[in-house]
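Architecture and fold: a report
What follows is each chain in one-letter form.
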Amino acid sequence: MTKVLVVDDDFMVAKLHSRYVSAVDGFTVVGVAHSGAEALRAAGALRPDLLLLDIYLPDMDGIGVLRSLRAAGHGVDALFITAARDAGTIRSALRAGALHYLIKPFDRAALREQLLHVASLRSRLDGLDEARQEDVDQIFGTRPPGSRELPKGLAAHTAELVDRILREHPSGLSATECARAGSLSRVSARRYLEYFAETGRAEVTLRYGGTGRPERRYRGVG
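Residues numbered from 1 in each chain as written. Predicted model: local features only at pLDDT ≥ 70, side-chain atom pairs only at ≥ 80, totals over all residues. Heavy atoms only, no water.

**Notes on the confidence of the model for the protein**
Counted only if it meets this: Confidence scores labelled pLDDT are given residue by residue by the predictor and lie between 0 and 100. Helix numbering and strand numbering both begin at the N terminus, where a helix is a DSSP run of H or I of at least 4 residues and a strand a DSSP run of E of at least 2. Contact between two residues is taken to exist if any of their heavy atoms lie within 4.5 Å; hydrogens are not considered.
Residues at a pLDDT of 70 or more form 91% of the protein, whose mean pLDDT is 87. Highest mean pLDDT in the protein belongs to strand E2 (residues 27-33) (97); lowest belongs to helix H6 (residues 133-140) (67). Every residue in residues 142-147 is under pLDDT 50, and counting partners more than four places away or in other chains gives 15 contacts.

Dropping the structure here:
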């Protein structure tokens, strides 16, 4: 069970995020804080595994909270949830060790997706004694498509395009939808999507409709 501390200065928002977290299997909210000082005290007392951390707090920013916890030796992970959109803040969050950064407003599905990603990372690490490079790539995120040797007939720039489209559609999409988003032929989009699935960079699910074969849908991994 992953213990979560929700940190947001808005009481109603904190309550909503807590409800979202509690609805995801494997996660439990152990506390809520509405300021940086409260977050530091709660983290020390409750020892959460994960912070849902806002940037804008009344006494200090969320990045300062995470840095203070890390300096004090708390090995807690952080998922920033904030309205801050400027690149400097996002860069600072990344440098402070954020696992991810969700920009408000977002829907329940987006948060659920990130929580499942956190659970996947924890599971992978817990199951490893010694990592292969492939394991590390999955934990830290895939390398740019151009940095890998592609099969004959696949181009790096098209692989980068399809990779970006996958990341822009975290809930998944079909080859037809990918082709439309990237101005590609359906056959070409499917070749790249299948390659990503074969190399562990995408997951495939089947959607059953009416008559005919089920639709293959692809979702990026990592």
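**Observations concerning helix H2 (residues 36-46)**
Here is the rule we go by: Only protein chains enter the accessibility calculation, which uses a 1.4 Å probe; a residue is then buried when its area is under 20% of its type maximum, exposed when over 50%, and partly exposed in between. Throughout, the arc means that of the directions going from the helix axis to the C-beta atoms.
The set of residues buried in H2 consists of Gly36, Ala39, Ala42 and Ala43. With its buried residues spanning 125° around the axis, H2 presents them on a single face. Among the exposed residues of H2, those pointing more than 90 degrees away from its buried face are Arg41 and Ala45. Contacts made by the buried residues of H2 are with strand E1 (2-7), E2 and helix H3 (62-71). Positive backbone phi, at 50°, marks arginine 47, one or two positions downstream of H2.

**Some points on the nonpolar core**
In plain terms, the rule: Put simply, buried Ala, Val, Leu, Ile, Met, Phe, Trp, Tyr and Cys residues joined by side-chain atoms within 4.5 Å make one nonpolar core.
By size, the foremost hydrophobic cluster in this structure holds 22 residues, and its most contacted members are Val7, Leu51, Leu53 and Phe80. Put simply, the parts of the chain that give this core at least two residues each are E1, H2, strand E3 (50-53), H3, strand E4 (77-82) and helix H4 (87-96). Excluding residues that lie within four positions of it along the chain, phenylalanine 80 makes contacts with Leu53, Ile55, Gly62, Ile63, Leu66, Ala93, Ala98, His100, Tyr101 and Leu102. Counting residues in each nonpolar core, the second largest holds 18 residues, with Leu150, Ala189, Tyr195 and Phe196 among its members.

**Focus on the pairing of strand E8 (residues 215-220)**
Two faces make up the sheet, and in a regular strand the side chains alternate between them. Put simply, the rule reads: Criterion used throughout: strands pair if DSSP finds at least two bridges between them.
In the sheet, strand E6 (residues 173-174) pairs with E8 via two bridges, with the strands oriented antiparallel. Looking at E8, one finds that serine 174 is bridged to arginine 217. Inspection of the sheet shows strand E7 (residues 202-207) paired to E8 by six bridges, in the antiparallel sense. Across the sheet, alanine 202 pairs through a bridge with glycine 220, a residue of E8.

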